[in-house]
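Letter by letter, the chains look like this.
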Amino acid sequence: MKLATLKNDTRYGELVVVSRDLKKYISASSIVGTMREAIDHWDVHAPQLQALSDQLNDGDVVGKDFDPLQAMAPLPNPSQWADGSAYVNHVELVRKARGAELPESFWEDPLMYMGAPDAMLGAHDDVEVGSEDWGIDMEAEIGVICDDLEMGLSPEAAADKIKLLVLLNDVSYRALIPGELAKGFGFFQSKGATAFAPVAITPDELGEHWQDGKVHRDMLVHYNGDAFGKANAGVDMTFNFPKLVSHAAKTRHVAAGAIIGSGTVSNKDSDGTPGKPVKEGGLGYSCIAEIRMIETIDEGKPSTAFMKFGDQVRIEMKNDDGSSIFGAVDQKIVKFG
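Caption draft 1: How the structure looks around the overall build of the chain. Across its full length, the chain carries seven helices and 20 strands. In summary, the chain has a C-alpha radius of gyration of 19 Å against a globular reference of 20 Å for 337 residues, a match within 12%. Each of the three principal axes of the chain carries a C-alpha extent, and together these read 60 × 45 × 40 Å. Within the span of the chain, comprising 337 residues, buried residues form 54% of the whole. Looking at the chain, you have 32 positive and 52 negative side-chain charges, and the mean spots of the two groups are 4 Å apart.

Caption draft 2: Just unusual backbone geometry, in detail. Backbone geometry places L22, a non-glycine residue, at a positive phi of 65°. Mapped onto the secondary structure, L22 falls in the loop between β2 (14-18) and β3 (24-27). Looking at L22, the relative accessible area reads 13%, which means it is buried. For D212, which is not glycine, the phi torsion reads 55° and is therefore positive. With respect to the helices and strands, D212 occurs in the loop between β14 (210-211) and β15 (214-215).

Caption draft 3: View of the sheet that holds strand β20 (residues 329-335). On the basis of which strands lie adjacent, the open sheet formed by five strands has the order β8-β20-β19-β16-β17 and mixed pairing. Only two strands of the sheet have a single neighbouring strand rather than two, namely β8 (127-129) and β17 (226-232). Strand after strand, the sheet turns through a mean of 20° between neighbouring axes, direction not considered. Here strand β16 (residues 218-223) runs beside strand β19 (residues 312-316); their pairing, made up of four bridges, is antiparallel. Counterpart to L220 in the pairing with β19 is E316.

Caption draft 4: How the structure looks around the pattern of salt bridges. Under the defined criterion, the tally for this structure stands at twelve salt bridges. Beyond isolated ion pairs, a larger network of salt bridges with shared partners links D137, E139, D170, R174 and K191.

Caption draft 5: Looking closely at the side chain of R292. Tracing the chain through its elements places R292 in helix α7 (residues 288-299). Comment: no salt bridge for buried R292; closest opposite-charge side chain is E295, at 5.9 Å. Among the polar contacts made by the side chain of R292, one reaches the main-chain carbonyl oxygen of T304 at a distance of 2.7 Å. Those residues in contact with R292 that lie beyond four places of it in its chain are P302, T304, A305 and F306.

Caption draft 6: Representation of the layout of surface pockets. Approximately 820 Å³ is the volume found for the largest pocket. Lining the largest pocket are 30 residues, with V94, R174, I177, L181 and F187 positioned closest to its centre. The element that contributes the greatest number of residues to the lining of the largest pocket is helix α3 (residues 88-97), accounting for five residues. The residue inventory of the lining of the largest pocket, partitioned by class, reads 16 nonpolar, six polar and eight charged.

Caption draft 7: Inspection of the packing of aromatic side chains at higher detail. One pass over the structure, following the stated rule, counts seven aromatic pairs. For the pair W81 and F196, a centre-to-centre distance of 6.4 Å together with 70° between the ring planes defines the contact as edge-to-face. Here F196 lies in strand β12 (residues 191-196) and W81 lies in strand β5 (residues 80-84), a separation of 115 residues in the sequence. When sorted by exposure, W81 lands in the same class as F196, which is buried. For the ring pair Y223 and F228, a centre distance of 5.8 Å and an interplane angle of 80° mean the geometry is edge-to-face. Of the two residues, Y223 and F228, neither departs from the other in class, the shared state being buried. Members of the aromatic cluster, joined through ring pairs, are Y223, F228 and Y285. Between the NZ or CZ atom of K191 and the centre of the ring of F187, over which it lies, the distance is 5.1 Å.

Caption draft 8: Geometry of empty space enclosed by the protein. For the structure shown, the criterion picks out one cavity of 30 Å³ or more. Computed from the structure, the largest cavity encloses a volume of approximately 30 Å³. Class assignment of the residues belonging to the lining of the largest cavity gives a composition of six nonpolar, one polar and one charged.

Caption draft 9: Region of the structure containing the nonpolar core. Counting 70 residues, the largest nonpolar core has I142, M219, I260 and F326 as its most contacted members. The element that contributes the greatest number of residues to this core is strand β11 (residues 162-173), accounting for five residues. Not counting residues up to four positions away in its chain, the partners in contact with F326 are L22, I142, L165, V166, L167, A197, P198, V199, I201 and M317. The next biggest cluster of nonpolar side chains, apart from the first, holds 27 residues, and it includes W42, A46, L164 and L168.

Caption draft 10: How the structure looks around the pairing of β2. Counting buried residues in β2 gives four out of five residues, a clear majority hidden from the surface. Across five bridges, strand β1 (residues 2-6) lies against β2 in antiparallel orientation. Within β2, the position partnered with K2 by the bridge is V18. The pairing of β2 with β3 spans three bridges and is antiparallel. Within β3, the position partnered with V16 by the bridge is S27. In textbook terms, the turn of a hairpin is the stretch between consecutive antiparallel strands, and for β2 and β3 this stretch comprises five residues, one of which, L22, has a positive phi near 65°.

Conventions adopted
Positions within a chain are numbered from 1, following the residues in the order the chain's sequence is written. This being a predicted model, a pLDDT of at least 70 is required before a residue's local features are given, and a value of 80 or more before pairs of side-chain atoms are given or counted; all residues contribute to the totals for chains, interfaces and linings. Only hydrogens and water are set aside when side-chain values are computed; all heavy atoms of the structure are taken into account. Strands here mean DSSP runs of E at least two residues long; helices mean DSSP runs of H or I at least four residues long; both are numbered from the N terminus. With C-alpha atoms as the basis for the radius of gyration, the globule rule is written as 2.2 Å multiplied by the number of residues raised to the power 0.38. When accessible area is computed with a 1.4 Å probe and restricted to protein chains, residues below 20% of their type maximum are described as buried, those above 50% as exposed, and intermediate ones as partly exposed. Positive charges come from Lys and Arg, negative ones from Asp and Glu, while His and the chain ends are left out of the count. To locate a charge, the coordinates of NZ of Lys, CZ of Arg, CG of Asp or CD of Glu are taken. Pairing between strands is defined by DSSP: at least two bridges between the two strands are required. A fitted line through C-alpha atoms serves as each axis, taken over the contacting stretch for helices, and the angle formed by two N-to-C directions is quoted from 0 to 180°. Salt bridge, as used here, is a side-chain nitrogen of Lys or Arg placed within 4 Å of a carboxyl oxygen of Asp or Glu. Identification of polar contacts relies on pairs of N or O atoms within 3.5 Å, with a donor-acceptor requirement for protein atoms, meaning one able to donate a hydrogen and the other able to accept it, and with residues adjacent in sequence counted only if both atoms are side-chain atoms. The contact criterion used is simple: two residues touch if any of their non-hydrogen atoms lie within 4.5 Å. Here a cavity denotes grid points, spaced 1 Å and computed from the protein atoms alone, that fit a 1.4 Å probe unable to get out, and a pocket denotes an open set having protein on both sides within 12 Å along at least 5 of 7 lines; residues with an atom within 4 Å of a point are the lining. Grid points are joined across faces, edges and corners, and a volume is the space filled by probe spheres set on the points. Residue polarity follows a fixed list, in which Ala, Val, Leu, Ile, Met, Phe, Trp, Tyr, Cys and Pro are nonpolar, Asp, Glu, Lys and Arg are charged, and the others, Gly among them, are polar. Centres within 6.5 Å make a pair out of two Phe, Tyr or Trp rings, where for Trp the six-membered ring is used; the pair is then stacked when the planes are under 30 degrees apart, edge-to-face when over 60, and tilted otherwise. Consider the ring centre and the ring normal. A charge sits over the ring if Lys NZ or Arg CZ is within 6 Å of that centre and within 35 degrees of that normal. Among buried residues, the Ala, Val, Leu, Ile, Met, Phe, Trp, Tyr and Cys ones that are joined through side-chain atoms within 4.5 Å form a nonpolar core.

Spelled out as structure tokens, the structure:
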């Protein structure tokens, strides 16, 4: 099934069930009011929501027209937002560009940071930024919404805790990152509000493209209207989602409603070299930082600028027939104030 949260006069919106083709929706208010309530008691509400979804997709109930412009983040108030870095190709490029070796532990122990769970944008909300000097970048990712996680649970047990999948843009301020990391205390100001595609989906919506705890679909990124990236989210994913979820709960219990991100989707080319731009026949990139790293490695310095005010980014994932799976993140960078 597919679920969304529509804007209303409350902070957390109204939970709705959306048709598979993203054209119609029906309120879930007769079952549960918000996504957070639904995920807090998933075993109770999920069967009822699934029945409503079946009725909507079978035409047994009449839905209203679904407008993604009215969508908030599917889960506007997660219990926490933790983002991994599952694609070691991305990490390897960043370190290579500054002449640093990749520690062997990076292939065994996922990187993860804790983000701001109160800063969740809808798919078409503007990204408000204080200054272009911050080094504005997009990061196209997949995330999972989880049930309660017991401390120390195994990846095998974690797989059963993944209830929904989301598509997201983890906005990053690259020029602020070095200074924060130099303090030895991690990200805070370097990460902006995170934006989410309109709908969250249950993994079964992907059919055979949900395998081994990975989403085997292309991450389609357009930047100012031009194709920028089409890396496959299931390829070169060093740590699958069960491993990331297990990692998040290594030292403590995690409440239902946590969102765990994959980190920037990143592929090598078929010859094992870093990806080439789409216009050169490559798979492109899911963030600007990667192409800048490749330029630094090849040419000694980057030539691609970070995002400017007025720039537009669109992030989407599609079925074989070209239909959108999650809807699209489609947003503009604007100056705050």
